[in-house]
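Observations on the three-dimensional arrangement
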Amino acid sequence: MTLYILAAVLSAVLMGTIGAIAVYANVSAETVTFYRLFIGALLMAAFLFVTGQKHRIFTWPGSKVLVTGGFLAGFVVFYVMAMGYTSMANAIMLLYLAPVTASVAAHFFMGERLSGASAALIVVALFGFAMMLEFNFNLSGRGQEVLGLFYALCAMVCYAAFILTNRLIHERVHVLTRSGYQMLAGALCMLPLMLQQSESIGASQWGWLVAAGVVPGFLAIMLAVVALRVLPAATFGTLAYLEPITVVGLGWVLFGQSLSTLQLAGSVLIIASGVMQAAVSGHRDRIEGAKTEALAG
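Worth saying up front: this structure is predicted, and the values here are computed from it rather than measured. (Residues numbered from 1 in each chain as written. Predicted model: local features only at pLDDT ≥ 70, side-chain atom pairs only at ≥ 80, totals over all residues. Heavy atoms only, no water.)

It is worth spelling out the environment of Gly70 at this point. Positionally, Gly70 belongs in helix α5 (residues 63-82). Sequence-wise, Gly70 and Ala185 are 115 residues apart; in three dimensions their C-alpha atoms are separated by 6.3 Å. (Helix = DSSP H or I, 4+ residues; strand = E, 2+ residues; numbered from the N terminus.)

A separate point is helix α2 (residues 18-25). Most of α2 is tucked away, with six of its eight residues classed as buried. For α2, the full list of buried residues reads Ile18, Gly19, Ala20, Ile21, Ala22 and Ala25. Just past α2, the residue Asn26 takes up positive phi, approximately 55°. (Buried < 20%, exposed > 50% of the residue type's maximum accessible area, 1.4 Å probe, protein only.)

Time to look at the packing of α5 against helix α6 (residues 88-95). The N-to-C vectors of α5 and α6 enclose an angle of 150°; their axes lie 9 Å apart at closest approach. In terms of axis orientation, α5 runs roughly antiparallel to α6. Crossing hand, α5 versus α6: right-handed. Contacts between α5 and α6 involve Phe75, Tyr79 and Ala82 from the former and Ala91, Ile92 and Leu95 from the latter. Grouping the constituent residues of the contact of α5 with α6 by class yields six nonpolar, no polar and no charged. (Axes fitted to C-alpha atoms, helices over the stretch in contact; angles between N-to-C directions. Parallel < 35°, antiparallel > 145°, perpendicular 65-115°, else oblique. Left-handed = near helix turned anticlockwise from the far one by under 90°. Contact = heavy atoms within 4.5 Å. Nonpolar A, V, L, I, M, F, W, Y, C, P; charged D, E, K, R; others polar.)

Time to look at unusual backbone geometry. Phi at Asn26 is positive, roughly 55°, even though this residue is not glycine. For Asn26, the position within the fold is in the loop between α2 and α3 (29-50). Positioned with a positive phi, Ser198 is a non-glycine residue whose angle comes to about 50°. Within the element layout of this structure, Ser198 appears in the loop between α10 (175-197) and α11 (203-228).

This part is about the packing of aromatic side chains. The tally for this structure, following the rule as stated, stands at 13 aromatic pairs. Here the aromatic rings of Phe150 and Tyr151 are separated by 5.9 Å at their centres, their planes lie at 50°, and the arrangement is tilted. The class for Phe150 is partly exposed, based on a relative accessible area of 46%. On the accessibility criterion, Tyr151 (15% relative accessible area) is buried. Taken together through their ring pairs, the aromatic side chains of Phe75, Tyr96, Tyr159, Phe162 and Tyr241 make up a single cluster. (Phe/Tyr/Trp six-rings, centres within 6.5 Å; stacked < 30°, edge-to-face > 60°.)

What follows covers the side chain of Ser273. Mapped onto the elements, Ser273 comes out in helix α14 (residues 261-296). Judged by relative accessible area, which is 2%, Ser273 ranks as buried. Side-chain polar atoms of Ser273 contact the backbone oxygen of Leu121, separated by 2.6 Å. Among residues more than four places away in sequence, those in contact with Ser273 are Leu121, Ile122, Val124 and Ala125. (Polar contact = N/O pair within 3.5 Å; in protein donor to acceptor, adjacent residues only side chain to side chain.)

So, on to helix α8 (residues 116-132). Helix length check: α8, at 17 residues, gives a terminal C-alpha distance of 25 Å against a target of 24 Å (1.5 Å per residue), a fit within 8%. Turning to α8, its buried residues are Ser118, Leu121, Ile122, Ala125, Gly128, Phe129, Ala130, Met131 and Met132. Two residues or fewer past α8, Glu134 is found with a positive phi of approximately 60°. (Expected span 1.5 Å × (residues − 1).)

Below, the discussion takes up the packing of helix α7 (residues 98-109) against helix α9 (residues 143-166). The N-to-C vectors of α7 and α9 enclose an angle of 55°; their axes lie 8 Å apart at closest approach. By the angle between their axes, α7 is oblique relative to α9. Once α7 is placed against α9, the crossing between them reads as right-handed. Counting all contacts with α7, which are made through Ala98, Pro99, Thr101, Ala102, Ala105 and Ala106, the residues of α9 involved are Met156, Tyr159, Ala160, Ile163 and Leu164. Its residues assigned to classes, the contact of α7 with α9 shows ten nonpolar, one polar and no charged.

Here it is, written out as structure tokens:
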């Protein structure tokens, strides 16, 4: 069990490196997103081929998987764009309101009723983000930050849509097939936008682009798949909140993006809300599973 927990921890930490890699790559968000997804898809295909699972490469995943790939590309590119105008902490904390948004959307459109505890945790998360903004909602004269928050909001909406549409994919589509095709579809969405940039990429920049595909792309996803084979979804969801902690830490250590006490408290509230939401969801799933088993017996 310890090894699977370690895999989940490493997955979250590696996923959180995309922001720093994008800054060091110093190319457009479209270019970073394309290579992160395209190289990740190539490595996934190579992994499946080497491990004797090439039939998963040639399995048609269905149109829903391709749609989720578009949402994947959207949340990555908007997240990278957001960091050009606001702090990494603001961008990642707004992005991590996506599970909250997905829960609300599922309540109204997918029949997944919110419990009182879940609704209260949503309010806590929103209050935490208000603290991140230091309760300063007057955005006049803060054009750069407004633009950054807008891109982060777009990333959050795409991430929420990614979460919701993934629930609609049939279980027969293996998780590795799904992940590979999602990255490929996302890369193809980014290709025309990347080509429009007509960027000249230097040798050092190529190194960072490859790192984007290997570290937060292929390795992070593979470790997540390994962890999810054993860990309960609630446990994995809790450990996934190491990603925003990693982003905030890297922003502070590498780029001097320190947070005030109020902002740190807001970050803690958002993360705590997400962790508790995962615990509530896991408890509900266990109860429903027990009921199903009792009825089947």
